[in-house]
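Fold and contact review
Each chain, written out:
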Amino acid sequence: MIKIGKIVFGTLFFLVSTQIFAQKNPCNFTEERKGDTVIYKGEMNYLGTTHAELRISLQFQMIGNELGLVFGLNNIDGISMDSTNVAYIQLANDKEYILTPKQISLTKDNKRLECRYVVSEQDEQDFISYVITGIYISTNIHPQIDISDFNRYTARRICERFKCAHDKIKNTK
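1. A look at the overall build of the protein chain
Regarding its fold elements, the protein chain presents three helices and 11 strands. Overall, the protein chain shows an N-to-C arrangement of helices and strands of α-β-β-β-β-β-β-β-β-β-α-β-β-α. Scored against the burial criterion, the 173 residues of the protein chain give a buried share of 42%. Intrachain contacts of the protein chain at a sequence separation of at least 6 include 58% that bridge at least 24 residues. Of the roughly 10,100 Å² of accessible surface on the protein chain, 52% is carried by carbon and sulfur atoms.

Structural data, given as structure tokens:
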């Protein structure tokens, strides 16, 4: 009976603490601090590509006032990225945007390469208003990676993340 009480108490404590954490910011982003900078992160989405060996993730991130996308790739066969590895993003307004890498890093265990692309302030309104319909990125090994598994649900969620961060966090600072 005491064991059941501990389980119930632990579950309630977890739910209450999760609710308090979720209310920390208006968009329910995960928050991470690096020095004085707060990084707001959306959910991680894993996407398929035309290259079966690659496991690519996509995540919305806001660092300071910069809204952007972070792509994560398996660090296989010496895969790397530099400032020439741009991302081509197509939106539902039939425009194509070229994003250049702002930050490239390896995870602590060197198994994942992460590349952060920032959307310019002049293009933010388009990323808020229109969903992404196509993504192409490149690495030193793969000159064009078509993110073929990018579905409408994920595209809509990322667009919602841009809108919420822009309206409720960035413009209230």
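Back to the text.
2. Overview of the state of the cysteines
Taken as a whole and assessed by the stated rule, the structure comprises one disulfide. Across the disulfide, Cys-27 is cross-linked to Cys-164 (sulfur-sulfur distance 1.9 Å). Where Cys-27 bonds to Cys-164 through sulfur, the torsion about that S-S bond is close to -100 degrees, and the disulfide is left-handed. Pair noted here: Cys-27 is in the loop between helix H1 (2-22) and strand E1 (30-34) and Cys-164 is in helix H3 (residues 152-169), with a separation of 137 residues, a long-range link. Here Cys-27 falls in the buried class, since its relative accessible area comes to 4%. Exposure remark for Cys-164: the relative accessible area of 14% places this residue in the buried category.

3. Description of the side chain of Lys-41
Note on placement: Lys-41 falls in strand E2 (residues 37-41). In this view, Lys-41 contacts Phe-29, Thr-30, Glu-32, Gln-59, Phe-60 and Gln-61; residues no more than four positions away in its chain are not counted.

4. Thoughts on the pattern of salt bridges
Summed over all chains, the structure comprises 12 salt bridges. Where salt bridges share partners, they join Glu-43, Arg-156, Arg-157, Glu-160 and Arg-161 into one cluster.

5. Points about the layout of surface pockets
As a volume, the largest pocket reaches approximately 370 Å³. In terms of lining residues, the largest pocket is bounded by 20 residues, among which Lys-41, Gln-61, Val-70, Ser-105 and Glu-114 are the most central. Elements with a minimum of two residues in the lining of the largest pocket: E1, E2, strand E4 (56-63), strand E5 (66-74), strand E8 (101-106) and strand E9 (112-118).

6. Quick word on the nonpolar core
Counting residues in hydrophobic clusters, the biggest one holds 41 residues, and the most contacted among them are Phe-71, Ile-89, Ile-135, Ile-137, Phe-150 and Phe-162. Residues in contact with Ile-137, not counting those within four places in the same chain, are Ile-56, Phe-71, Leu-73, Val-86, Ala-87, Pro-143, Gln-144, Ile-145 and Ile-147.

Cut-offs applied
- Residues numbered from 1 in each chain as written.
- Predicted model: local features only at pLDDT ≥ 70, side-chain atom pairs only at ≥ 80, totals over all residues.
- Heavy atoms only, no water.
- Helix = DSSP H or I, 4+ residues; strand = E, 2+ residues; numbered from the N terminus.
- Buried < 20%, exposed > 50% of the residue type's maximum accessible area, 1.4 Å probe, protein only.
- Contact = heavy atoms within 4.5 Å.
- Areas by Shrake-Rupley, 256 points an atom, 1.4 Å probe, with all protein chains shown as cover.
- Disulfide = S-S within 2.5 Å.
- Salt bridge = Lys/Arg side-chain N within 4 Å of Asp/Glu carboxyl O.
- 1 Å grid on protein atoms, 1.4 Å probe; cavity = no way out; pocket = protein on both sides within 12 Å on 5 of 7 lines; lining within 4 Å.
- Points joined across faces, edges and corners; volume = space filled by probe spheres on them.
- Core = buried A, V, L, I, M, F, W, Y, C linked by side-chain atoms within 4.5 Å.

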